[in-house]
Amino acid sequence: MNTLSKLAKKTIELADETATVAFGQALSALIKNPMVITLQGQLGAGKTTLSRGILQGLGHCGSVKSPTYTIVEPYRLPAGQVFHFDLYRIADAEELEYMGFGEYLAEAQLCLIEWPERGQGFLPQADIAIEISQSGDGRCVTLAAYSEVGEQLIGQLDLDKG
Ligand SMILES: Nc1ncnc2c1ncn2[C@@H]1O[C@H](COP(=O)(O)OP(=O)(O)O)[C@@H](O)[C@H]1O
Ligand SMILES: [Mg+2]
């Protein structure tokens, strides 16, 4: 299987922050472990907001800290070990090797990775790549699958429930 070709793609419009969190929660219900989900988009696009919806949907109670400064925030959830990464401050993708990125991956049931472009060459192929962009006052979110589990997830996504 050529994992580099997009297997499925869907787009959804999200009117406000509440819709983004709700969409993350809907996504979380479809996640099969282990999975890698990348989130791309400018600063303030909503990557952390969507991650919060996913984490809360997986049973995390309380706030979700942006990993901008810590690079990674771990969550031990009923579904297993989840790592939420923000690679914005990674200057050189090789830094991922020094921080033991491979060990995180090996342990993770789910990796959420903001700014994956900063880790190019050191990241695994994502199951799902999410791109968020400004759309009027809201956001446009595109999901692309790069694996069979990712394809299944996108196939099951009922976008009317957004
Ligand atoms: N669908 C949406 N429409 C409008 N604003 C949104 C939407 N989703 C999130 N936001 C807002 O956009 C900002 C996103 O911040 P954040 O999630 O930290 O972005 P990022 O992690 O991409 O830098 C927050 O202020 C949030 O309230
Ligand atoms: Mg963020």
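Heads up: the structure comes first, above all this text.
Not measured: the values here are computed from a predicted model.

A. Region of the structure containing the site of ligand 1. In the neighbourhood of ligand 1, 17 residues make up the surrounding shell, with Glu17, Thr20, Gly44, Lys47 and Thr49 lying closest. Arg139 places a polar side-chain atom, nitrogen or oxygen, 3.0 Å from an oxygen atom of ligand 1. When ligand 1 sits alone it has 580 Å² of accessible area, and the protein chains cover 75% of it. Only helix H1 (17-28), helix H2 (47-57) and strand E7 (138-145) provide two or more residues apiece to the shell around ligand 1. When residues in the shell around ligand 1 are grouped by element, the largest group, three residues, is from H2. Of the residues belonging to the shell around ligand 1, the class tally is four nonpolar, seven polar and six charged.

B. Seen up close, H1. When the terminal C-alpha atoms of H1 are compared, their 17 Å separation across twelve residues agrees well with the 16 Å that a helix rising 1.5 Å per residue should span. As for H1, its buried residues are in contact with strand E1 (8-14), H2, strand E6 (128-135), E7 and helix H5 (148-156).

C. Molecular detail of the pattern of salt bridges. The final tally for this structure, using the stated rule, is three salt bridges. Glu17 serves as the salt-bridge partner of Arg52, at 2.7 Å between the closest nitrogen and oxygen. With Arg52 in helix H2 and Glu17 in helix H1, this residue pair connects regions lying 35 residues apart in the sequence. A relative accessible area of 22% places Arg52 in the partly exposed class. Overall, the relative accessible area of 48% leaves Glu17 in the partly exposed class. Here Glu73 makes a salt bridge to Lys65, at a shortest N to O gap of 3.5 Å. With a relative accessible area of 14%, Glu73 lands in the buried category.

D. Region of interest: the layout of surface pockets. Here the largest pocket is characterised by a volume of approximately 340 Å³. Considering the residues around the largest pocket, the lining is formed by 17 residues, among which Thr38, Gln40, Pro116, Ala129 and Tyr146 are closest to the centre. Those elements giving two or more residues to the lining of the largest pocket turn out to be strand E2 (35-40), E6 and E7. The dominant element in the lining of the largest pocket, judged by the number of residues it contributes, is E6, at three residues. Residue composition of the lining of the largest pocket, grouped by class: eight nonpolar, five polar and four charged.

Calculation notes
In every chain, residue numbers begin from 1 and rise along the written sequence. Ligands are numbered from 1 and chains lettered from A, in the order in which they are written. Note on the predicted model: pLDDT of at least 70 is required for a residue's local features to be given, and 80 or more for side-chain atom pairs to be given and counted; whole-chain, interface and lining totals, by contrast, use all residues. Working from all heavy atoms in the structure, the side-chain values ignore hydrogens and water. For each residue, the test is whether any non-hydrogen atom lies within 4 Å of the molecule or strand; if one does, the residue is near. Polar contacts here mean pairs of N or O atoms no more than 3.5 Å apart (in protein, one a potential hydrogen donor and the other a potential acceptor; neighbouring residues in sequence count only if both atoms are side-chain atoms). Each accessible area value is a Shrake-Rupley result obtained with a 1.4 Å probe; residue values ignore everything except the protein chains displayed when judging cover. Counting from the N terminus, the helices are the DSSP runs of H or I reaching at least four residues and the strands are the DSSP runs of E reaching at least two. All residues other than Ala, Val, Leu, Ile, Met, Phe, Trp, Tyr, Cys, Pro, Asp, Glu, Lys and Arg, Gly among them, are scored as polar; the first ten of these are nonpolar and the last four charged. To estimate the expected span of a helix, count its residues, drop one, and scale the result by 1.5 Å. Whether two residues are in contact is decided by their heavy atoms, any of which lying within 4.5 Å being enough. Counted as salt bridges are all cases of a side-chain nitrogen of Lys or Arg within 4 Å of a carboxyl oxygen of Asp or Glu. Whether a residue is buried, partly exposed or exposed follows from its accessible area with a 1.4 Å probe, protein chains only, as a fraction of its type maximum: under 20%, in between, or over 50%, in that order. Points on a 1 Å grid over protein atoms alone make up a cavity when a 1.4 Å probe fits among them but cannot get out, and a pocket when they form an open set with protein on both sides within 12 Å along at least five of seven lines; lining residues each have an atom within 4 Å of a point. Grid points are joined across faces, edges and corners, and a volume is the space filled by probe spheres set on the points.

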